[in-house]
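Residue strings, one per chain:
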Amino acid sequence: MKSLVLEHKRELSLRDYPIEKEEVMGAHDVRIKLHTVGICGSDVHYYTEGEVGPFKVNEPMILGHEASGTVIEVGAGVANLKLGDRVCMEPGIPDPHSKATRLGMYNIDPAVRFWATPPVHGILRPTVVHPADFTFKLPDNVSYAEAAMVEPLAVGVHAATKAAIKPGDVAVVMGAGTIGLVTVLAALAAGCARVFVSDVAPAKLEIAAGLGPVTPVDVSKQSLAEVVLKATDGWGADVVFEASGNPQAAASVFEPLCPGGRVVMIGGQAKPVSYDAGAAMVREATVKNIFRYAHVFPRCVEMLGSGAIDLKPLITREFTFDDSVHAFEVAASMPPKDVKMQIVLPQ
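Colleague: I keep staring at the packing of helix α4 (residues 150–162) against helix α5 (residues 178–190) and nothing clicks. Help me out?
Modeller: What describes two packed helices is the angle between their axes and the distance between those same axes. Close contact between α4 and α5 brings their axes to 8 Å; oriented N to C, the two are set at 50°. Relative to α5, α4 is oriented oblique. α4 and α5 meet at a crossing whose hand is right-handed. In this structure, α4 contributes Pro152, Leu153, Val155, Gly156, Val157 and Ala160 to the contact, and α5 contributes Thr178, Ile179, Val182, Thr183, Ala186, Ala187 and Ala190. Split into classes, the residues belonging to the contact of α4 with α5 amount to ten nonpolar, three polar and no charged.

Shown next, in the form of structure tokens:
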């Protein structure tokens, strides 16, 4: 079937790829016709660098893992979905028998198969076969575009859950990209009274400012720590989320943090980063890390359906499937005004 294939580093093609020969419908699977697929930073990184951390592209790979679509075939053992259901899909399939899965930490199962993570193909193609247990029906008022944003939103919700946010907390989010902004939304939905967001892109900070009680901080012009400490009478933020993946930001996570505060590391780092053990110690800071997400997709869908979270301001550009190679070229150029770009497949 026609697919967007990463042939080599910096080489994409839209061509026929016989992926359907590798997919077999099981009794507990569904076949989904893809509608909307988001372009993730990891997809772009595979395109520009040929690797993300330990995962290297050694042979052609179909890209894409943020998606929504419609069920067009249902396995004999599936009871929760039917033909025509509009759905979004959690892209990681763990080994149900692994110790990590049995302990409830299926996202860190070493055997997890995650779309568009070598050697597993992604879903920038017409259809995909997927387990019904990782496929979620959409409320009628949630669009395909919003549904394709559930995957990045899940990262933010997982981070907010790890942060153990309490009503009235003050949070800092470092980075106003897609993951940073969904973390802002998740933190507010979890009960934060106020969120400070730092970045160097004024257009992204402007979007952040429109998401609720959010204070944007352009760190090319201001000190994030000084702004936060001044606004909190010198106390600091209860929670700091590092969502930029920037080594300098990661090294400064304790500066705006209050005594006894929590830090959640979200942004991936290509190399080891500086860690101020003294600053962490005197604050008795709690530091947590996240890898993707677990057990939050249904919560994300419910919040979209209820209106508790609005993702529409984050969707800034749309491309057709036939224009998907160009879409990645644009995404790789990192336009300052864009947050989430999406590709819409023919229906």
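Colleague: How do you make sense of the sheet that holds strand β16 (residues 237–242) when you look at a structure like this?
Modeller: Each strand in a sheet pairs with another by means of backbone hydrogen bonds, the pair being arranged parallel or else antiparallel. Judged by pairing direction, the sheet is parallel, and its six strands sit side by side in the order β15-β14-β13-β16-β17-β18 without closing on themselves. With partners counted over all chains shown, the strands left at the sheet margins are β15 (214–218) and β18 (286–289), one partner each. When strand polarity is set aside, the average angle formed by the axes of neighbouring strands in this sheet is 20°. Two strands pair when backbone bridges link them, and strand β17 (residues 257–265) and β18 are joined in this way by four bridges, in the parallel orientation. Opposite valine 264, over in β18, you have lysine 288 as the bridge partner. Of the strands in this sheet, β14 (194–199) and β15 are in contact with helix α6 (residues 202–209), which crosses β15 at around 170°.

Colleague: Looking at this structure, I do not really get the pattern of salt bridges. What am I missing?
Modeller: Opposite charge on two side chains permits them to pair, given that their charged atoms come into close proximity. Applying the stated criterion across every chain, the model contains twelve salt bridges. Two residues, glutamate 23 and arginine 125, come together in a salt bridge whose shortest N-O distance is 3.1 Å. Here arginine 125 lies in the loop between β10 (113–114) and β11 (127–131) and glutamate 23 lies in the loop between β2 (11–16) and β3 (29–38), a separation of 102 residues in the sequence. The two residues glutamate 23 and arginine 125 agree in class, both being buried. Here glutamate 51 makes a salt bridge to lysine 56, at a shortest N to O gap of 2.9 Å. By relative accessible area, which is 32% here, glutamate 51 ends up partly exposed. Look at lysine 56 and you get partly exposed, because its relative accessible area is 41%.

Colleague: Please explain a nonpolar patch on the surface as it appears in this structure.
Modeller: Together, Leu103, Met105, Ile108 and Phe291 line one region of the surface with nonpolar side chains, adding up to about 370 Å² of accessible area. Mapped onto the fold, methionine 105 is located in the loop between α2 (99–102) and β10.

Colleague: Sorry, what's going on with the packing of α4 against helix α10 (residues 297–306) here?
Modeller: Running from amino to carboxyl end, α4 crosses α10 at an angle of 110°, the nearest separation of the two axes being 9 Å. Judged on the interaxial angle alone, α10 and α4 are roughly perpendicular. Contacts from Val150, Glu151, Leu153, Ala154 and Val157 of α4 reach α10 at Phe297, Cys300, Val301, Met303 and Leu304. Counted by class, the contact of α4 with α10 contains nine nonpolar, no polar and one charged residues.

Colleague: Hey, could you run me through the layout of surface pockets in this one?
Modeller: Any space left empty among the atoms is revealed by the rolling of a water-sized probe across them. Approximately 340 Å³ is the volume attributed to the second largest pocket. In terms of lining residues, the second largest pocket is bounded by 18 residues, among which Glu22, Glu23, Arg113, Val120 and Val129 are the most central. It is β11 that provides the largest number of residues to the lining of the second largest pocket, a total of four residues. Looking at the lining of the second largest pocket, its residues break down into eleven nonpolar, two polar and five charged.

Colleague: Help me understand the sheet that holds β2, please; the structure alone is not making it clear to me.
Modeller: Reading across from one edge, β2-β1-β6 is the order of the three strands in this open sheet, with antiparallel pairing throughout. Of all the strands in the sheet, just β2 and β6 (61–62) have a single pairing partner and so form its edges. As paired strands, strand β1 (residues 2–8) and β2 are joined by six bridges and run antiparallel to one another. Bridge pairing in β2 links leucine 6 to leucine 12. Here helix α11 (residues 324–332) sits on the sheet and contacts β1 and β2; the angle it forms with β2, its principal contact strand, is near 160°.

Rules and cut-offs
- Residues numbered from 1 in each chain as written.
- Predicted model: local features only at pLDDT ≥ 70, side-chain atom pairs only at ≥ 80, totals over all residues.
- Heavy atoms only, no water.
- Axes fitted to C-alpha atoms, helices over the stretch in contact; angles between N-to-C directions.
- Helix = DSSP H or I, 4+ residues; strand = E, 2+ residues; numbered from the N terminus.
- Parallel < 35°, antiparallel > 145°, perpendicular 65-115°, else oblique.
- Left-handed = near helix turned anticlockwise from the far one by under 90°.
- Contact = heavy atoms within 4.5 Å.
- Nonpolar A, V, L, I, M, F, W, Y, C, P; charged D, E, K, R; others polar.
- Pairing = 2+ DSSP bridges.
- Salt bridge = Lys/Arg side-chain N within 4 Å of Asp/Glu carboxyl O.
- Buried < 20%, exposed > 50% of the residue type's maximum accessible area, 1.4 Å probe, protein only.
- Patch = residues over 30% accessible without salt bridge, like charges linked within 9 Å, V, L, I, M, F, W, Y side chains within 5 Å.
- Areas by Shrake-Rupley, 256 points an atom, 1.4 Å probe, with all protein chains shown as cover.
- 1 Å grid on protein atoms, 1.4 Å probe; cavity = no way out; pocket = protein on both sides within 12 Å on 5 of 7 lines; lining within 4 Å.
- Points joined across faces, edges and corners; volume = space filled by probe spheres on them.

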